[in-house]
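Examining the three-dimensional arrangement
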Amino acid sequence: MRNIASGGGASARGIAAIVGVGPKLGRSIARKFAHEGYTVAILARRLSRFAEEIAREEKAQVFAIRIDCSDSRSVREAFEGVLSLGFVEVLVYNAHNHRQPAAAVAAISSSSSSSSSAAASFSRCTPQTQYHPIKFTDIRIDSFEKSLAVSTVGALHCAQQVLPGMVERGRGTILFTGCSASLNGIAGFSELCCGKFALRALSQCLAREVQPLGVHVAHIIIDGIVGTPSRSSSSSTSQRSTVGEQLIGGGASSMDPDALAQTYWYLHIQDRTAWTQEIDLRSSSSTQIYNF
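These figures come from a predicted structure and were not determined experimentally.

Re the overall build of the chain
For the chain, the helix and strand inventory stands at 8 helices and 8 strands. Every one of the 292 residues in the chain was classed for burial, and the buried ones make up 55%. In the chain, 77% of the contacts between residues at least 6 apart in sequence involve partners at least 24 apart. Taken as a whole, the chain presents about 12,100 Å² of accessible surface, with 49% of it coming from carbon and sulfur.

As for the packing of aromatic side chains
One pass over the full model with this rule turns up 3 aromatic pairs. Look at phenylalanine 33 and tyrosine 38: their rings are 5.8 Å apart centre to centre, the planes differ by 75°, and that puts the pair in the edge-to-face class. Accessibility assignment for this pair places phenylalanine 33 and tyrosine 38 in one class, buried. Summarising the aromatic geometry, the rings of tyrosine 38 and tryptophan 265 are spaced 6.0 Å apart at their centres and angled 75° between planes, so their arrangement reads as edge-to-face. Of this pair, tyrosine 38 sits in the loop between α1 (25–35) and β3 (39–44) while tryptophan 265 sits in helix α8 (residues 257–269); the two residues are 227 residues apart in sequence, bridging distant segments of the chain.

Focus: the confidence of the model for the chain
Of all residues in the chain, 75% have pLDDT values of 70 or greater, and the mean over the chain is 81. Averaged pLDDT values for the elements of the chain fall to 33 in helix α4 (residues 103–110) and rise to 98 in strand β5 (residues 88–93). Ignoring residues within four places in sequence, the model shows residues 99–124, a span with pLDDT below 50, making 44 contacts including any to other chains. pLDDT under 50 marks residues 233–251. Its contacts with residues more than four places away, or in other chains, come to 74 contacts.

Quick word on the pattern of salt bridges
Going through the model one piece at a time under the given rule, you end up with 10 salt bridges. A salt bridge links glutamate 77 to arginine 73, with the shortest nitrogen-to-oxygen separation between them at 3.1 Å. Within this pair, glutamate 77 and its partner arginine 73 are both found in helix α3 (residues 72–83), separated by 4 residues, close to a single helical turn. On the basis of relative accessible area, glutamate 77 is assigned to the partly exposed category, the value being 33%.

Some thoughts on the side chain of serine 254
Residue position: serine 254 is located in the loop between β7 (215–222) and α8. Sequence-distant contacts of serine 254, defined by excluding residues within four places in its chain, comprise Ile225, Gly227 and Ser283.

What about the environment of valine 210?
When you line up the elements, valine 210 lands in helix α7 (residues 190–210). The buried category is assigned to valine 210, whose relative accessible area is 4%. With 38 residues separating them along the chain, valine 210 and glycine 172 place their C-alpha atoms 10.0 Å apart. Among all residues touching valine 210, those that are not within four sequence positions of it are Leu163, Val215 and Val217.

Some details on the packing of α1 against α8
For the pair α1 and α8, the least separation of the axes is 8 Å and the interaxial angle reads 50°. With respect to each other, α1 and α8 are oriented oblique. Between α1 and α8 the crossing geometry is right-handed. Two secondary-structure elements touch here, α1 through Leu25, Ser28, Ile29, Lys32 and Phe33 and α8 through Pro257, Asp258, Leu260, Ala261, Gln262, Tyr264, Trp265 and His268. Looking at the contact of α1 with α8 residue by residue, the class counts come to 8 nonpolar, 3 polar and 2 charged.

Some thoughts on the environment of tyrosine 264
With respect to the element layout, tyrosine 264 can be found in helix α8. Note on tyrosine 264: relative accessible area 0%, which makes it buried. In the structure, tyrosine 264 is positioned 232 residues away from lysine 32 in sequence and 8.9 Å away in space, judged by C-alpha atoms. Not counting chain neighbours up to four residues away, the residues in contact with tyrosine 264 comprise Leu25, Ile29, Phe33, Val92, Leu175, Thr177, Ile220 and Ile222.

What counts as what
- Residues numbered from 1 in each chain as written.
- Predicted model: local features only at pLDDT ≥ 70, side-chain atom pairs only at ≥ 80, totals over all residues.
- Heavy atoms only, no water.
- Helix = DSSP H or I, 4+ residues; strand = E, 2+ residues; numbered from the N terminus.
- Buried < 20%, exposed > 50% of the residue type's maximum accessible area, 1.4 Å probe, protein only.
- Contact = heavy atoms within 4.5 Å.
- Areas by Shrake-Rupley, 256 points an atom, 1.4 Å probe, with all protein chains shown as cover.
- Phe/Tyr/Trp six-rings, centres within 6.5 Å; stacked < 30°, edge-to-face > 60°.
- pLDDT = per-residue confidence, 0-100.
- Salt bridge = Lys/Arg side-chain N within 4 Å of Asp/Glu carboxyl O.
- Axes fitted to C-alpha atoms, helices over the stretch in contact; angles between N-to-C directions.
- Parallel < 35°, antiparallel > 145°, perpendicular 65-115°, else oblique.
- Left-handed = near helix turned anticlockwise from the far one by under 90°.
- Nonpolar A, V, L, I, M, F, W, Y, C, P; charged D, E, K, R; others polar.

Shown next as structure tokens:
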């Protein structure tokens with residue numbers, strides 16, 4: 001169930017559990033916490049190929065653990081493995097349901113021009129396997145439930161696994177990745193928006209409950225296209241996203257995932273007299289803010 005890649009000795013710090021790791025944002029976050037001396041647990045639907053790479057380059061301990069965020073049993077079993085490594089000091093929930101409903105393909109031909117325009121803009125906050133606008137009456141209940149299960153219920157389950165240890169020690173950080181869909185309801189994108197809206201509400205409720213107990217909870221809105229890491233020698237933007245990759249793309253206006261990872265780190269080390277609960281990030285070249 002666990003594939004372990006390690007380099008160097010055991011970390012004196014706690015565990016950083018990153019749920020949802022693909023080739024861009026998730027990998028950069030995992031790399032940043034490994035660089036800062038944390039033992040990193042990478043949790044993804046498929047055993048991550050990045051664990052060995054990060055362990056080797058950062059001389060850190062990195063563990064790859066399989067998880068299905070829509071399955072509560074899978075979440076519990078995965079975190080049994082994570083908690084066996086030690087105290088989870090940081091949880092980053094970056095998972096997203098990237099499977100495209102079959103009904104979407106049929107819906108494209110009948111979507112209105114306004115929906116098509118929204119889809120073009122909304123691709124800024126969807127994975128490589130892009131969502132297409134789906135008529136409300138064509139939404140399949142099982143697909144809608146799956147989207148909510150990954151975006152929100154999975155976040156709830158993961159947070160419940162690590163919170164007892166954080167509260168007991170009076171410290172810890174939980175970070176949730178959102179996107180523009182966290183703030184705007186868009187015609188044809190009910191599945192994505194409802195999941196992201198709910199995740200934002202979950203973050204706010206949890207923050208008000210546990211921050212007085214020493215646990216920092218923050219929601220990060222990625223308002224833009226995440227490109228390839230600056231350290232990457234590859235200029236390709238056609239890599240397939242895996243669970244957790246909120247955004248895709250590249251080019252001059254794209255956001256560097258390594259730079260985004262710096263913000264996740266900054267949130268973790270913020271002084272508790274001035275904690276951020278929500279922050280939105282975008283490229284300096286962005287001309288639109290939550291405008292669809």
